Amino acid sequence: MTTLRLIRGEIRKLGTTKLPWGFLMVLVVVAGLDAAVVAFATDMDGSKAFIATAEDQRSLMAFASNAMIGTSLFGAIAVAREYGHDTVVPMFLTSPKRYRAVLAQLSAVLLTGATLAGAGQVLVIAGVALALPSTEFAFLVSTGDLVRLLAATTFAGAIGAVLGAGLGSIIRNVGGAVTVAVLVLFVIPPLAAQLVAEAGSWIPPTLFAVISGVDAAVSLGAALVAITAWALVPAGLGLVAVQRRDVV
Amino acid sequence: MHTLEFENVTKRYRHEVVVDDLTFTVLPGRVTGFLGPNGAGKSTAMKILLDLVKPDHGHATIGGKRYRDMADPARSVGVVLEPNAFHPGRSGRNHLRVLADGAGIDPRRISHMLDAVELTHAADRHVGGYSLGMRQRLGLAAALLGDPPVLVLDEPGNGLDPQGVRWLRDLLRQRAAEGGTVLVSSHLLAEVEHLADEVVVLNHGRLVVTGELSALRQAGTSVRTLGADRLTMMLRAAGALVHTGGEGELVVRGLAISEIGDRALAAGIALHELTPQAGSLEDLFLDWTTDDSAAESRGSVHENERTAVPV
């Protein structure tokens, strides 16, 4: 009961600032860009081969990896600013058992991240579906594949948000947390893949391609476990840090 | 009834001792002023009480329990710590809604508290546009949201207008009269003088003096003598705090008036005046917390005062 109250409070906390609405606006822009690409872009030969098959359209709409990056920034900002504004103080006063407060915060960020990512995926699918009639190709992706795309992206949103929240609670500074999130998701994975060939199968873009059904580098189960670890490691470290640190 | 107790609380940050072996009690039914210069350790001590900071030694309890072990802390302890602990983009009303949601407090209390702190007119504006006084009022509304019997307030009067200060004073007096426990730190000594029944004074993290304010104010003695230098040395050696008053008299604290007279007689020093003196809280505060060459002797003086006027 206490935990549910805390989660409710944390969700209200997120919903009463402009942060999620700002991210939603970004998603609308991304969906608009996707629709514009479908409507106006061409391959080098002037054709629209990049949307010719169901597989092409599904790859174009696969949004999970981007969703993870976006929601990791969302989670990092949402949690790090709590320290910047000292709003962690009332949080820990309401719940002096800090692990509860942190779990409530992670749950709220996870739910909001998943919702944003799911909404983003729906917008992207809608944008592509609305733009396709302006080409000679029909919307070819099956309902089953659309559901998988949506599920994968929603999951990616949740994972990214938790990863970002973990980094935010470790670093406690919005600029620093965002920078580290970008390093963790943009810079380190390709570097790791270049240094160790096998690492390329375990970085978020590949794992979400597997989960979305557009790649088969590893099994689905392994991809789910691996991508969950990407979120749980920083979240766990953040939880330990919050438990040990003084609030000064 | 909730008594606040600090027992041998020590906190260090690296090599700096911020709170040093602090032991005192804050009684219910009283307003206790928590005083000390900047950096004396008041805020850290309050944070230790509220389990925001872990002490290196000792512990602090509220009604015999540590804050983290209280069943419903938000309804038991109202807290004002940071004047800016708000998201600037969130409205005052939504700030209180977040707290009410998290603590399971009836949302109808929100409007009630906004009315009580006279912030209803600005409740739906972003906190970023609030003045310091308005933020203090919002912080007080948050502290009172759960109608708690204990209030722990760090500089709650900062930025309040005179009406607000008066309102706050009446509120805290009323809370104490109803049996509540009120610990309030402030630099507004004149205000504390009106407000507090008891004071706890820290300096450099150490307890300097604690006791009933009215008794502490009477604890000084005015002495006139031609042997002022000799008497000063002698009384300081006996553990008294001695300084020269505005009219050249000696002001002595920490020794009973009869003891001062007996010691002067024994030393053969003629006294031209020996009268009890009631000092203002500001005078007392400066005596207790000003560093000077008599710092070492002052430590024992304060111990004597503490013994003479126990909480």
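For chain B, an unreviewed UniProt entry supplies the name ATP-binding cassette domain-containing protein and the organism Nocardioides zhouii. As stated in UniProt under Sequence similarities (unreviewed entry), the record for chain B gives "Belongs to the ABC transporter superfamily."

The name an unreviewed UniProt entry assigns to chain A is ABC transporter permease, from the organism Nocardioides zhouii.

Quick look at the overall build of chain A now. Helices and strands together make up the secondary structure of chain A, namely 10 helices and zero strands. Against the 2.2 N^0.38 benchmark of 18 Å for 248 residues, chain A shows a C-alpha radius of gyration of 19 Å, consistent with a compact globule. Oriented by its inertia axes, the alpha-carbon framework of chain A measures out at about 60 × 40 × 30 Å. For chain A, the exposed surface amounts to about 10700 Å²; the carbon and sulfur share of it is 71%. Measuring between centres, the 15 positive side-chain charges of chain A sit 22 Å from its 13 negative side-chain charges.

A few words on the interface of chain B and chain A. Listed as interface residues are 32 residues of chain B and, on the opposing side, 27 residues of chain A. Between chain B and chain A lies a buried interface of about 2500 Å² when both sides are counted; carbon and sulfur atoms form 56% of it. Among the residues of chain B in contact with chain A, L52(B), R90(B) and D101(B) are the three that bury the most area, contributing 24% of the side total. Counting across the interface, chain B meets chain A through three salt bridges. A salt bridge links R8(A) to D101(B); the nearest nitrogen and oxygen atoms lie 3.8 Å apart. Within the residue set of the side of chain B that touches chain A, elements represented by two or more residues are β1 (4-13) and α3 (92-103) of chain B. In terms of residue count, the dominant contributor to the side of chain B that touches chain A is α3(B) (seven residues).

Another point: the UniProt feature "domain: ABC transporter" (unreviewed entry) in chain B. Look at the UniProt record and you will see "domain: ABC transporter" (unreviewed entry) annotated at residues 4-229 of chain B. Within residues 4-229 of chain B, the helical portion is 34% and the strand portion 29%, while the C-alpha atoms at the span's ends are 43 Å from each other.

Strand pairing within a sheet occurs via backbone hydrogen bonds; the two strands may be parallel or antiparallel. Residues and elements named next belong to chain B. Spatially, the six strands line up as an open sheet ordered β5-β6-β7-β3-β8-β9, and their pairing is mixed. Pairing within the sheet leaves two strands with one partner each, and these edge strands are β5 (77-80) and β9 (206-212). Sheet twist, expressed as the average angle between the axes of neighbouring strands with direction ignored, equals 10 degrees. Relative to strand β7 (residues 181-185), strand β3 (residues 31-35) runs parallel, the two being bridged by four bridges. By the bridge assignment for β7, G33 is matched with V184. In the packing of helix α6 (residues 162-177) onto the sheet, contacts are made with β3, β6 (150-154) and β7, and the angle to β7 comes to roughly 145 degrees. In the packing of helix α11 (residues 281-289) onto the sheet, the strands contacted are β3, β8 (198-203) and β9, and the crossing angle to β8 comes to about 35 degrees.

Glancing now at the UniProt feature "transmembrane region" (unreviewed entry) in chain A. Residue and element names in this part refer to chain A. UniProt records the feature "transmembrane region" (unreviewed entry) for residues 21-40, 60-80, 101-126, 146-167, 174-197 and 217-242 in the present numbering. Secondary structure across residues 21-40 comprises 100% helix and 0% strand; the distance between its end C-alpha atoms is 28 Å. The span residues 60-80 shows a helical share of 90% and a strand share of 0%, and its end C-alpha atoms are spaced 33 Å apart.

Turning to the domain arrangement of chain B, a few remarks are in order. Residue and element names in this part refer to chain B. Under the domain assignment used here, chain B contains domain 1 (4-214) and domain 2 (219-308). Of note, the centres of domain 1 and domain 2, computed from C-alpha atoms alone, are 35 Å apart. Between domain 1 and domain 2, the residue contacts involve 16 residues of the former and 10 residues of the latter. Contact between domain 1 and domain 2 buries roughly 1200 Å² in total, counting both sides, with carbon and sulfur atoms accounting for 70%. It is L189, V208 and V209 in domain 1 that bury the most area against domain 2; as a group they hold 38% of the surface buried on that side. Taken together, the connections running from domain 1 to domain 2 amount to zero salt bridges. On inspection of domain 1 and its partner domain 2, the count reaches two residue pairs in polar contact (both at pLDDT 80 or more). Looking at the side of domain 1 that touches domain 2, the elements with two or more residues in it are α7 (189-195), β8 and β9. Looking at which element gives the most residues to the side of domain 1 that touches domain 2, the answer is β9, with four residues. For the side of domain 1 that touches domain 2, the per-class residue count stands at 10 nonpolar, five polar and one charged.

Conventions adopted
- Residues numbered from 1 in each chain as written.
- Chains lettered and ligands numbered in written order.
- Predicted model: local features only at pLDDT ≥ 70, side-chain atom pairs only at ≥ 80, totals over all residues.
- Heavy atoms only, no water.
- UniProt positions renumbered as here; feature names shortened; annotations may be inferred.
- Helix = DSSP H or I, 4+ residues; strand = E, 2+ residues; numbered from the N terminus.
- Rg over C-alpha atoms; globule rule 2.2 N^0.38 Å.
- Areas by Shrake-Rupley, 256 points an atom, 1.4 Å probe, with all protein chains shown as cover.
- Lys, Arg positive; Asp, Glu negative; His and termini not counted.
- Charge placed at Lys NZ, Arg CZ, Asp CG, Glu CD.
- Contact = heavy atoms within 4.5 Å.
- Buried area = accessible area lost by both parts, 1.4 Å probe.
- Salt bridge = Lys/Arg side-chain N within 4 Å of Asp/Glu carboxyl O.
- Pairing = 2+ DSSP bridges.
- Axes fitted to C-alpha atoms, helices over the stretch in contact; angles between N-to-C directions.
- Domains from an automatic or database assignment.
- Polar contact = N/O pair within 3.5 Å; in protein donor to acceptor, adjacent residues only side chain to side chain.
- Nonpolar A, V, L, I, M, F, W, Y, C, P; charged D, E, K, R; others polar.

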